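Fold and geometry: a report
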Amino acid sequence: MASPDLFPNVAFSDVSASAAPAAEGATAAFGVSAATGGPRLSLVKAGKPEVEPTVEIDLSDAQIFKLGASEWLCVYGESEAKAGVEEKLFSRAIKVVLRTEAESKAFSLAFQRWKQQVISGKAGEPLENGSIIASRSKFDTKIEASSAKMYFHYYGQLLHQQNMLQDFVRTGTYYAAVMENRSDFEGRVVVDVGAGSGILSLFAAQAGARHVYAVEASEMAEHAQRLISGNPSLGQRITVIKGKVEEVELPEKADILISEPMGTLLVNERMLESYVIARDRFLAPDGKMFPTTGRIHMAPFSDEYLYVEMANKALFWQQHNFFGVDLTPLHGSAFQGYFSQPVVDAFDPRLLISPPTYHTLDFTSMKEEELYEIDIPLSFVASVGTRVHGLACWFDVLFNGSTVQRWLTTAPGSPTTHWYQLRCVLSQPLYVMAGQEITGRLHLVAHSAQSYTIYLTMSAKMWGVGVEQGGILQTSTGKLELKEPYYRLSQPQSYMPQDQQQQQQLPSLQPQGSEQQMQEGLSPGITIDQVDQECGLH
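Residues numbered from 1 in each chain as written. Predicted model: local features only at pLDDT ≥ 70, side-chain atom pairs only at ≥ 80, totals over all residues. Heavy atoms only, no water.

As annotated in an unreviewed UniProt entry, the chain is Probable histone-arginine methyltransferase CARM1 from Urochloa decumbens. Taken directly from UniProt, the Catalytic activity (unreviewed entry) text for the chain runs: "L-arginyl-[protein] + 2 S-adenosyl-L-methionine = N(omega),N(omega)-dimethyl-L-arginyl-[protein] + 2 S-adenosyl-L-homocysteine + 2 H(+)". Recorded in UniProt for the chain, the comment headed Function (unreviewed entry) runs: "Methylates (mono- and asymmetric dimethylation) the guanidino nitrogens of arginyl residues in several proteins involved in DNA packaging, transcription regulation, and mRNA stability. Recruited to promoters upon gene activation, methylates histone H3 and activates transcription via chromatin remodeling." (UniProt positions renumbered as here; feature names shortened; annotations may be inferred.)

Right under this line is the structure:
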């Protein structure tokens, strides 16, 4: 059980009782109610023992509002019942005045810390019939509870934090962006959104921040507190707050937000929305955001090896005699299922068949709702004649500092990051000639499992003689689930020229001479044309 937080020599007054004088020299104490076992705030007049509070506030439905540097308004619900009369519910407001601005900040943080116990509850504790729980935050209304539980469990483990910290492109770029822009941090208030291990908070403190609020909703908050306490020269200017940015309250506005909210394809995990909400809730006017903007880059690609690899997976379902069972009725569904997985790997940029285009997200001005659905028109011109197997995507973010502008990129050909790149592979490739226009649409729709459904359409427009008549020559579509990617390789494969890709005989993913190959009558190697025939592409 947490020990009480005491604030002596405060003044408080009941705002609803205008004639009542303020109680001077009182004590404010956060603790556990003996009656309910829940968190409470007791306000005790001078000379009274703490067990006899003048005002006792149940934190389950209480809120505080800042009135001044050291003044707070605490609003909560009370009930009044008389014999034979229906219970009457009403709100009550208590003004609390602390001695100093530092105590005022500590009071605010203590309020949030104790109230968080109401939000999280006790493990395994059932709610009684008729009990009232606090209204759900914006995060809870958008995100499935099961998804959020898995998400916070994942990021609450040190091994996953280590994976991100060891991405030296990521960590080194953040460090450089902060240290090269010390003027943005020196003497400033910083909020670290989704602080994780607290590394960015420590960077901000190294750069001279006056105070850093490290907000982290997962169990990693305890690890962050230990790491920060273990670096006392920096940690004395850092406060760890466990909770969601949608729910916590801070005692002051921030001059700068810092965060690492990027997921696969920039938007996966939907943390960018929390970053924008934190901007609206905590950032002072003209404050800065690190990162400032993000860009999703896209280009069509040709990769026969990848296409055959994915198509080969479904060949298992073409067996007519699998222990006496014909599996072929499920082949079509299995084939489409494999192509519904975006491929996450690092690839050679020479597989791109057109210069990339990009879509910009300005974190400083965009609305949270703009991330619910992202619609990107596509337009490219093929640089070679080949088969187009889909759309390759990656992202970069800009740290727009006052001194140095620094980019963090996940582009193919750049040093590999833990995000790699992402490719949406079409089950029906397009055939294009050099100079032919490729158009389409990348449509991302957010869902409650903290990710997006990807709707991809790509078309090859008529080229050559008769082009003035316009029209679409070929169209291919795909529906992919960003939350369920195919993690393929950690390093780029060797590049193969387009003409050699067409002629290359590629190995099946099955072991040579396997039982499956014998049952299906397949050779250990299968050509691209054979896959096309199997998949009905010819």
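This is not the end of the story, as more comes after the structure.
**Here we look at the sheet that holds strand 12 (residues 283-290)**
Ordered in space as 10-9-8-11-12, the 5 strands form an open sheet in which the pairing is parallel. Every interior strand has two partners, whereas the edge strands, strand 10 (238-242) and strand 12, have only one. This sheet shows a mean twist of 20° between the axes of neighbouring strands, independent of strand direction. Pairing between strand 8 (residues 189-193) and strand 9 (residues 211-216): 5 bridges, direction parallel. Bridging across to strand 9, Val-193 finds its partner in Val-215. Most of the contacts of helix 7 (residues 199-206) go to strand 9, to which it runs at about 175°, and overall it touches strand 8, strand 9, strand 10 and strand 11 (254-259). Along the sheet face, helix 8 (residues 220-229) touches strand 9 and strand 10 and points at about 165° away from the line of strand 10. (Pairing = 2+ DSSP bridges. Helix = DSSP H or I, 4+ residues; strand = E, 2+ residues; numbered from the N terminus. Axes fitted to C-alpha atoms, helices over the stretch in contact; angles between N-to-C directions. Contact = heavy atoms within 4.5 Å.)

**Some remarks on unusual backbone geometry**
Between Phe-290 and the following residue, Pro-291, the backbone shows a cis peptide bond with an omega angle of 5°. For Leu-266, which is not glycine, the phi torsion reads 75° and is therefore positive. Even without being a glycine, Tyr-420 presents a positive backbone phi close to 55°. With respect to the element layout, Tyr-420 can be found in the loop between strand 18 (405-409) and strand 19 (421-432). A residue is classified by how much of its surface remains accessible, and Tyr-420, at 22% relative accessible area, is partly exposed. (Buried < 20%, exposed > 50% of the residue type's maximum accessible area, 1.4 Å probe, protein only.)

**Quick notes on helix 3 (residues 145-155)**
Within helix 3, burial applies to Ser-147, Ala-148, Tyr-151, Phe-152 and Tyr-155. Seen from one end, helix 3 has its buried residues packed into an arc of 120°, which puts them on one side. Along helix 3, exposed side chains directed more than 90 degrees from the buried face belong to Ala-145, Lys-149, Met-150 and His-153. Taken together, the buried residues of helix 3 touch helix 2 (138-142), helix 4 (158-165), helix 8 and helix 10 (271-282). (Arc of directions from axis to C-beta.)

**Topic: helix 8**
Regarding helix 8, the residues found buried are Met-220, Ala-221, Ala-224 and Ile-228. Buried positions in helix 8, seen along its axis, are confined to an arc of 100° and lie on one side of it. Those residues of helix 8 hidden inside the fold are in contact with helix 3, helix 4, helix 7, strand 9, helix 9 (232-235) and strand 10.

**A short note on the state of the cysteines**
Between two cysteines, a covalent bond joining their sulfur atoms is known as a disulfide. For the structure on display, the rule yields 0 disulfides. Here Cys-393 stays unpaired: no disulfide links it, and the sulfur of Cys-424, its closest cysteine neighbor, is 5.0 Å away. (Disulfide = S-S within 2.5 Å.)

**Examining the side chain of Arg-270**
Following the sequence through the fold, Arg-270 ends up in the loop between strand 11 and helix 10. According to the relative accessible area criterion, Arg-270 is buried, its value standing at 9%. Residues in contact with Arg-270, not counting those within four places in the same chain, are Lys-142, Ile-143, Tyr-372, Ala-446, His-447, Ser-448, Gln-450, Ser-451 and Tyr-452.

**Things to note about the environment of Lys-66**
Positionally, Lys-66 belongs in strand 5 (residues 63-68). Residues Lys-66 and Val-96 lie 30 residues apart in sequence; the distance between their C-alpha atoms is 9.9 Å. In contact with Lys-66, not counting residues within four places along its chain, are Glu-71, Trp-72, Pro-251 and Glu-252. Within polar-contact distance, the side chain of Lys-66 engages the backbone oxygen of Pro-251 at 2.5 Å. (Polar contact = N/O pair within 3.5 Å; in protein donor to acceptor, adjacent residues only side chain to side chain.)

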